[in-house]
Structure formats: C-alpha cells, structure tokens
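# Structural overview
Each chain, written out:
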Amino acid sequence: MTLVKRIPAGAGMGGGSADAAAALKMLNQLWQLHLPLETLQELALPLGADIPFCLQGGLCRVQGIGEKLTPIGGRRTYPLVLLQPREELSTAAVFRESDAMPSVHGDTFGVLKAIDTGDMQLLEKSSVNSLQGAAMRLVPAIAAAQKELLAQGALFARMTGSGSVTYGVFESAAAADRAAEALKGKWPVVLRTETCYE
C-alpha cells in the first residue's frame, strides 16, 4: 500500500490521521470485511484521536478525545488561503508549551450558531485555537503569517490544529484568489482552498 500525502507535513492539518482513515477504509473494502463506520471508528480511536472524524467526513462537532461526533450543517463555504512557515512543529512540543500557559477557550455555541447562519463576524468572535499562543512562542513566523493574511484582506486568521499552517478566511473566492497570488513566493507553502459545508 502506498499513500501519497498531498498536504504539508508538520502542519497541524491532520494529514497523518487522514492517511490512516484512508488506509482503514481501503482495507475494509479490499478484504471485504463490510465493517460499518462505527466499528471502523472504534478501531481507529486508539490509533489517533482525529481518525474517527476523518472516517466520518463532513462538518462535525467533535467531543471527548475524538470519539463523540455530531454532524452539523452549514450555510456556506469559506474561501481560505493557507500559509506555512519553513519551520515544522512537533505536536508534543506545542502541548508541552501550552501546559505552561493560561488556558484559552472559545465560545462553542457561538461557533455552531455562526456556522449554521453563515455569520462570519460571529465566527471570528467565537472561534479560537487554544494552542496558537504556544505555537507562536515556538515558531514566531506563525504570527507573521497571520499579519500577512490580514494585510491581504482576510476577515480573520487562525492557526490550524497544533500548527504550523495559518489560514485566512476571506469574504469571497475572488478575494482569496487575489491574496494567494500576492503571497506566492513569499512563503514556502501557499494554498488556496475552501471549507465544505455538508
């Protein structure tokens, strides 16, 4: 079996978890096991907390250590530009750094309402990445990436997972396209994508 990784490594984007989910789905099909999604998710959880979500797909609220998944709907896609600094980040190192810092929490219900209504201002106000401060201490370029995205017209910018990729959320696809074009060559990785909403 050969898995081809198409997203940046050390980025906090769940690439390893997505690869594991793809492998589990393929083996289930190849060996004709006919295991239901719930069984695959039970098998996946000890391998990695993000894998059950990657098996599920779509938009979900994730609770517990990754085993409680509640599908949620959305009103729109969100155009994104992703930047990655040269430095990769170790998830373990980010969590160690985070443990020494005050906890930061977002407003979960505000985020859910924002996604349901497509309210970008509420999404910006309610969402937070609690690992971002710790990651910025280890890789200050994350803060510089956010500053660049905002300067290019992003409505707000956050770090993905445990970093080091930073994404900017744009009002329109055209605005995101312009920003991605302007940032090419300035960062090792510049990706233009968008979220799904179902």
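Here's what I pulled together on the structure shown here. A quick note: this is a predicted structure, and the numbers were derived from the prediction, not measured.

This next bit is on the sheet that holds strand β6 (residues 189–194). Taken in spatial order, the four strands of this open sheet run β4-β5-β3-β6, and their pairing is antiparallel. Lying at the two open borders of the sheet, with one neighbouring strand each, are β4 (156–159) and β6. Averaged over all adjacent pairs, the angle separating strand axes in this sheet is 25°, with direction ignored. Across four bridges, β4 lies against strand β5 (residues 166–169) in antiparallel orientation.

Moving on, we come to helix α1 (residues 15–30). Between its first and last C-alpha, α1 extends 22 Å over 16 residues, near the 22 Å set by a 1.5 Å rise per residue. Immediately beyond the C-terminal end of α1, within one or two residues, lies Gln32, with a positive phi of roughly 50°.

Below, the discussion takes up the nonpolar core. Formed by 14 residues in total, the largest nonpolar core has its most connected members in Val81, Leu83, Leu149, Phe170, Leu183, Trp187 and Val190. For this core, the secondary structure elements donating two or more residues are β3 (79–84), α8 (141–151) and α9 (173–183). Per element, the largest residue contribution to this core is five residues, and it comes from α9. Of all hydrophobic cores here, the second largest spans twelve residues; its members include Leu80, Ala114, Val165 and Val169.

All told, the structure shown has zero aromatic pairs when counted by the stated rule. In this structure, Arg61 packs its charged tip against the face of Phe109, placed 5.4 Å from the ring centre.

What follows concerns the side chain of Thr166. If you trace the backbone, Thr166 turns up in strand β5. If we skip the residues at most four places from it in the chain, Thr166 touches Val81, Leu82, Leu83, Ile142, Ala145, Gln146, Leu149, Ala157, Arg158 and Met159.

Below, the discussion takes up the environment of Ala21. Relative to the assigned elements, Ala21 resides in helix α1. For the pair Ala21 and Gly48, spaced 27 residues apart in sequence, the C-alpha to C-alpha distance is 9.8 Å. For Ala21, the contacting residues outside a window of four places in its chain are Ile51, Cys54 and Leu55.

Let us look at the pairing of β3. The buried fraction of β3 is high, at six of six residues. Taking every second residue as pointing to the same face, both faces of β3 are buried, with Pro79, Val81 and Leu83 on one and Leu80, Leu82 and Gln84 on the other. Sheet topology places β3 next to β5; four bridges connect them, and they run antiparallel. Bridge assignment links Leu82 to a residue of β5, and that residue is Tyr167.

Turning next to a nonpolar patch on the surface. Among the surface-exposed residues, Met1, Leu3, Met26, Leu30, Trp31 and Leu33 lie close enough to one another that they form a single nonpolar patch of about 650 Å² accessible area. Take Trp31: it is sitting in the loop between α1 and α2 (37–44).

So, about the state of the cysteines. Under the defined criterion, the tally for this structure stands at zero disulfides. Cys54 carries a free sulfur, and the closest cysteine sulfur to it, the one in Cys60, is 10 Å from it. Residue Cys60 is classed as buried on the basis of its relative accessible area of 14%.

On to the pattern of salt bridges. Applying the stated criterion across every chain yields a total of four salt bridges. Here Arg192 and Asp177 are joined by a salt bridge, their closest N and O atoms 2.8 Å apart. Of the two residues, Arg192 is situated in strand β6 and Asp177 in helix α9; the sequence distance between them amounts to 15 residues. The salt bridge partner of Glu181 is Lys184, with a shortest N-O separation of 3.4 Å.

Criteria and cut-off values
Residues numbered from 1 in each chain as written. Predicted model: local features only at pLDDT ≥ 70, side-chain atom pairs only at ≥ 80, totals over all residues. Heavy atoms only, no water. Pairing = 2+ DSSP bridges. Helix = DSSP H or I, 4+ residues; strand = E, 2+ residues; numbered from the N terminus. Axes fitted to C-alpha atoms, helices over the stretch in contact; angles between N-to-C directions. Expected span 1.5 Å × (residues − 1). Core = buried A, V, L, I, M, F, W, Y, C linked by side-chain atoms within 4.5 Å. Buried < 20%, exposed > 50% of the residue type's maximum accessible area, 1.4 Å probe, protein only. Phe/Tyr/Trp six-rings, centres within 6.5 Å; stacked < 30°, edge-to-face > 60°. Lys NZ or Arg CZ within 6 Å of the ring centre and 35° of its normal. Contact = heavy atoms within 4.5 Å. Patch = residues over 30% accessible without salt bridge, like charges linked within 9 Å, V, L, I, M, F, W, Y side chains within 5 Å. Areas by Shrake-Rupley, 256 points an atom, 1.4 Å probe, with all protein chains shown as cover. Salt bridge = Lys/Arg side-chain N within 4 Å of Asp/Glu carboxyl O. Disulfide = S-S within 2.5 Å.

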